[in-house]
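Here is what each chain is made of, one letter per residue.
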Amino acid sequence: MTRTHPSQAVHTRQLAALLAPYLLGALLLVLLPAGLGFAISLYRFDALSTPLYRSLQNFQDLRLEPLLPVALSNSIFYIVTAVPLRILAALGLALLYLKPRRLTRVYRAIACLPSVIPDAAYALVWLWIFNPLYGPLNLVLSALGLPTPGWLTEITTAKPAFVLMALFQIAEGFVILLAGLKSIPAMIYAAARVDGASGWQTFRFITLPVLAPWLLLLTIRDIIFSFQSTFTPALLMTKGGPYYATLFLPLLMYDEAFDGLRFGIAAAIMVLMFVVVAVLILLAYWLFEEGWGDDAL
């Protein structure tokens, strides 16, 4: 019969005490609101009258929502373009600033600055940058003799503009991948150089497989984050325009809830978002598993 050492029992109680506030906060601020949201999706609720139970009728009514396919396609386009580019940008910065050089710490801090700016302020800064008349981006493009699009006023450039905004908020991925690169023993690279491996071969067969769990973690995190992060800039910068080119699912859910007072429909859209995120996460896991196998993950 195995006996628990007294110090181990004390450590377990201390660990439980440290985790208790976090678990309580997660229960009250995440799980409980999510459960209520799922429950509201089964009711007709306008916040003014008594909720009416409708079972799955709200989900059936979503098929009649003409803007739902548009918002869904916009959100998926944003995720499948922004998430890989953000991961590549974070990995590139981590590789660039891995080795200590002069002012490396300053550059690392500068790379993290866009991520600490509040979402509303960040959106307003980019609203100025994308201004087609006096925005600095078009002024630079004009000086280089390149086309100066209307960015947020044109259908073809509005969604890519949102993707461009997202590429600068990569502090979390940058820090995580930097820590992952530092965790790789230097002797592995030394052995690869002795065996005659090139820089690309070292990166392909050593760095990437070792970083696969970190990359998967960041991909899952970015898929979840990207759905949420489109709301503030879409609301403040474009209101979903031009011609619904930047109407994403969170903005459509907001419009249904607070403009149309159709909280049941809005909650049904939330459930749909949850399903889409789950499918994309499973797809990302499958792609990583096919690329590196279970051993790497």
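Residues numbered from 1 in each chain as written. Predicted model: local features only at pLDDT ≥ 70, side-chain atom pairs only at ≥ 80, totals over all residues. Heavy atoms only, no water.

This part is about the packing of aromatic side chains. Scanning the model with the defined rule gives 15 aromatic pairs in all. With a centroid separation of 5.0 Å and an interplanar angle of 40°, the aromatic rings of tryptophan 126 and phenylalanine 130 are classed as tilted. Residue tryptophan 126 shares its accessibility class with phenylalanine 130, and that shared class is buried. On the basis of an interplanar angle of 35° and a centroid distance of 5.5 Å, the ring pair of phenylalanine 130 and tryptophan 151 is categorised as tilted. Linking phenylalanine 130 in the loop between helix 5 (119-129) and helix 6 (136-143) with tryptophan 151 in the loop between helix 6 and helix 7 (155-166), this pair joins segments that are 21 residues apart in sequence. Phenylalanine 130 sits in the buried class, given a relative accessible area of 2%. The class for tryptophan 151 is buried, based on a relative accessible area of 14%. A connected cluster of aromatic rings, assembled from ring pairs, spans Phe45, Phe231, Tyr254, Phe258 and Phe263. The ring of phenylalanine 77 has lysine 159 sitting right over it, with the charged end atom 5.5 Å from the ring centre. The ring of phenylalanine 205 has arginine 204 lying over it, and the distance from NZ or CZ to the ring centre is 5.2 Å. (Phe/Tyr/Trp six-rings, centres within 6.5 Å; stacked < 30°, edge-to-face > 60°. Buried < 20%, exposed > 50% of the residue type's maximum accessible area, 1.4 Å probe, protein only. Helix = DSSP H or I, 4+ residues; strand = E, 2+ residues; numbered from the N terminus. Lys NZ or Arg CZ within 6 Å of the ring centre and 35° of its normal.)

Relative to the assigned elements, threonine 238 resides in helix 11 (residues 231-238). Given the relative accessible area of 13%, threonine 238 is considered buried. Ignoring anything within four residues of it in the chain, the contact list for threonine 238 reads Leu152, Phe162, Pro233 and Thr246. (Contact = heavy atoms within 4.5 Å.)

Two quantities define a packed helix pair, namely the angle between the helix axes and the distance between the axes. One way to put it is that helix 4 (residues 104-116) packs onto helix 8 (residues 171-182) with a least axis distance of 8 Å and a crossing angle of 145°. The residues of helix 8 that touch helix 4, namely those facing Arg108, Ala111, Cys112 and Ser115, are Ala171, Glu172, Phe174, Val175, Leu178 and Lys182. Here the contact of helix 4 with helix 8 is composed, by residue class, of six nonpolar, one polar and three charged. (Axes fitted to C-alpha atoms, helices over the stretch in contact; angles between N-to-C directions. Nonpolar A, V, L, I, M, F, W, Y, C, P; charged D, E, K, R; others polar.)

Mapped onto the elements, threonine 246 comes out in the loop between helix 11 and helix 12 (249-259). There is a polar contact of 2.4 Å between the side chain of threonine 246 and the backbone oxygen of glycine 241. (Polar contact = N/O pair within 3.5 Å; in protein donor to acceptor, adjacent residues only side chain to side chain.)

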